[in-house]
Amino acid sequence: MLNHKTSLFRALALVLLLPLLSVAYGQEGTWRLNLKDADIRAFVTQVADITGYSFVVDPRVKGKVTVLSSAPMNKDEIYDLFLAVLQVHGFTAIPGEEVIKVVQQVDAKQSAESLDRFPSVPSEQLITRVIQVNNANALELVPILRPLVAKYGHLAGVAAANALIVSDHAANIRRIEDIVRELDSPSKYEVEVIQLREAWVGDMVKLLQELAPDEIGKPGGADVARKYSVTADERSNRLILRGDQTFRDKMRGLIRKLDQPSATGGTTKVIRLKHADAKTLTEILKGVMGELAKEAPGAGGTAQGASSATRQTAFSIFADEGLNALVIRGEPSMMQEAELIVSQLDVRRAQVLIEAAIVEISDELGEDLGIQLAVGDESGGSTPVAGTNFTNVGRSLGEVLSALLTDSLITPAAGGITVGAGERDKNGVSWGVLLQALSTSAAANLLSTPSIITLDNQESEIIVGQNVPFRTGQSTTTGDGLSNPFTTIERRDIGLTLKVTPTISEDGLVRLVVEQTTEDVAESIENASDIVTNKREIKTTVLADDGETIVLGGLIKDDYQVSKSKVPLLGDIPVLGRLFSSESERRVKRNLLVFLRPTIMLDKVDAVAATEDKYNSLWEVDLGIREKLGMPQPEERPAIDTLFSPGSSGRMK
């Protein structure tokens, strides 16, 4: 029993050592491999010892191998032999950064290889390569080359790059590259330009794509690399053909049959506008298309050519203001040009919020001091014997005498103190004295902040004020002597007027053409027979950035007036001269400035933001009024849509 076990152990040891004993060393650095029915893992171990590479073996790699080598081989040749043996048994080796993986061939194409460790790629190494195809169609080569690729390999075409992706052994890939190089020989390609006489190039290209989809593709199809092409030159209504002689002959024949006069003589189309004005756009297109018709090809020449040109350049356009639409009719080339112009002009126009601040500050001061004296004789009439009459201060001498004669009180002048005294004796001699000291002061601060939103390059106007009547004519007697009085009047807006035309440049700069007028009714003026107004007006053109506040101009006025009246000689006497003089001083200061701020609103978001800002300002005013009136404050601000709710009457609740 013991001898039997010993014999069995010796047999197993001999089997395990047989592969190692079959390696014969030849010259230095060469080996001979002779294996018969050796375990494949033992074979991998031998190759690892010879090459110095580290291997990781898939558990599914199993089997017996037989290798017979009569000539000595170096390390690289041994590794190439190793790859060939693995290939025969359905395995392969995938080199990585540190180790080489021995796996089944069917799993090899999912792994990335690293070939840096080899001075040259082994012929039996399984690799992946991209083969660029320059002239032929890569997709057409795939069915031709697929039978040449191993079953466990991979072959696919990339239409966008016109290239092939191949996974196979290096030697087989080199063979495929040679075949592709033979098939990818350049054809005799040429470019030919064909002038269309009747048809439109855009329509012609679509027809050719339908009639020859294999050569030039179908409309709307995938972008694939093709040998032939048909390109439309819309500017000159020409077709550009690229291909060999056969392709160009075929296309030329089709084009000749299709380039025939239109049966309807033109095309009609209705274009609904989104933003532009139909009437305005019609005038633009009539001018532009009229010039294009003059410059169209074939506008001159023979009678036959002129007739053809007449058909090509016919164009008409009409505006439907009710639907804000354009009705255009013409040849396809002109229609194409008109639609392009419409698409570029029919865009949403920007809006501009223009805020103005008109600030006016005024201050008026006046001081009057004067003494009126009068002595008269009633028997001699009402004419005074002597008196002083100064009209620049308070009451006049005539008012003093009238009060004396009628024994009535004189009304004091406004704005100060008036002291008067007088007497009339039994002989009819009367005298009177009137002392007046007046002082006036007036100050005003006017701030107006009108704002308005308008379209880009569109004039806008806002008026805040009164409609005041002005007398333009009057009559009390007609020509035949009969009484028929009448008065004609004209009503005119008096107040604040702001007229602005903004223009937005490409870089966001706003050009403003501004007319600003401030007009009000002045106080009554002596000897004035009608209404007198004070008017301040600014007309200017300025530039401002988006959101920038600029000052348009202003008026700074300082008016100082001194009026003195006195009796000659008597008025010059120190101290006592004040009894025979009158002095009036007036000082008026006025400061008027106009500020402007444009804000560009390009879309709906900007318009909503500007609306919310103004609504918030209105809400703050409403809260202030409620607080002054002692009304309860609302818990939250109502939405802006409540202004239009039924029953709201425009009031915040």
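Counting restarts for each chain: residues are numbered from 1 in the order of the written sequence. This being a predicted model, a pLDDT of at least 70 is required before a residue's local features are given, and a value of 80 or more before pairs of side-chain atoms are given or counted; all residues contribute to the totals for chains, interfaces and linings. Calculation of side-chain values draws on the structure's entire complement of heavy atoms; hydrogens and water are dropped beforehand.

**Digging into a nonpolar patch on the surface**
Two distance rules govern patches: like charges are joined within 9 Å, and nonpolar side chains (Val, Leu, Ile, Met, Phe, Trp, Tyr) within 5 Å, applied only to residues with over 30% relative accessible area and no salt bridge. Using the Shrake-Rupley algorithm and a 1.4 Å probe, accessible areas are obtained, with residue cover drawn only from the displayed protein chains. Salt bridges, as used here, are contacts in which a Lys or Arg side-chain nitrogen is within 4 Å of a carboxyl oxygen on Asp or Glu. Judged by side-chain polarity, Val621, Ile625, Leu629 and Met631 come together as a nonpolar surface patch covering roughly 380 Å² of accessible area. Only DSSP runs of H or I covering at least 4 residues are called helices, and only runs of E covering at least 2 are called strands; the numbering of each starts at the N terminus. Considering the arrangement of structural elements, one finds leucine 629 in helix α13 (residues 604-629).

**Regarding the confidence of the model for the protein chain**
Per-chain confidence: the protein chain averages 75 in pLDDT, with 72% of residues scoring 70 or above. A residue's pLDDT is simply how confident the predictor is in it, with values from 0 to 100. Note on contacts: a residue pair is in contact if any heavy atoms of the two residues lie within 4.5 Å. This model gives residues 1-22 a pLDDT under 50, and the stretch forms nine contacts once residues within four places in sequence are excluded. Here residues 221-225 is a poorly scored stretch, pLDDT under 50, and it has four contacts once near neighbours within four places are set aside; other chains count.

**With respect to helix α2 (residues 40-51)**
To estimate how far a helix should extend, the number of its residues minus one is multiplied by 1.5 Å. Between the first and last C-alpha of α2 there are 16 Å, a value that for 12 residues agrees with the 16 Å anticipated at 1.5 Å per step. Taken as a whole, α2 has its buried residues at Ile40, Phe43, Val44, Gln46, Val47, Ile50 and Thr51. All buried residues of α2 project into a common sector of 160° when viewed along the axis, lining one side. Each polar contact in these results corresponds to two N or O atoms within 3.5 Å; when the atoms are within protein, one needs to be able to donate a hydrogen and the other to accept it, and residues that are neighboring in sequence are counted only if both atoms are side-chain atoms. N-cap assignment for α2: the residue whose side-chain oxygen lies 3.0 Å from the backbone N of arginine 41 is aspartate 39. The classification of residues rests on relative accessible area computed with a 1.4 Å probe and restricted to protein chains. Under 20% of the type maximum is buried, over 50% is exposed, and intermediate values are partly exposed. As used here, the arc belongs to the directions running from the helix axis to the C-beta atoms.

**Brief notes about the sheet that holds strand β6 (residues 100-104)**
Any two strands with at least two DSSP bridges between them are considered paired. Spatially, the three strands line up as an open sheet ordered β3-β6-β5, and their pairing is mixed. Of all strands in the sheet, those with a lone pairing partner are β3 (55-57) and β5 (91-95), marking the two edges. Recorded for the sheet is a direction-independent mean angle of 25° between the axes of neighbouring strands. Where β3 and β6 come together, three bridges link them in parallel fashion. Each residue of the ladder has a partner; that of valine 56, found in β6, is lysine 101. Only the stretch in contact is used when a helix axis is fitted, and all axes are lines through C-alpha atoms; the angle between N-to-C directions ranges over 0 to 180 degrees. Across the sheet, α2 touches β3 and β5, and the angle it forms with β3 is around 170°. In the packing of helix α3 (residues 75-88) onto the sheet, the strands contacted are β3, β5 and β6, and the crossing angle to β5 comes to about 135°.

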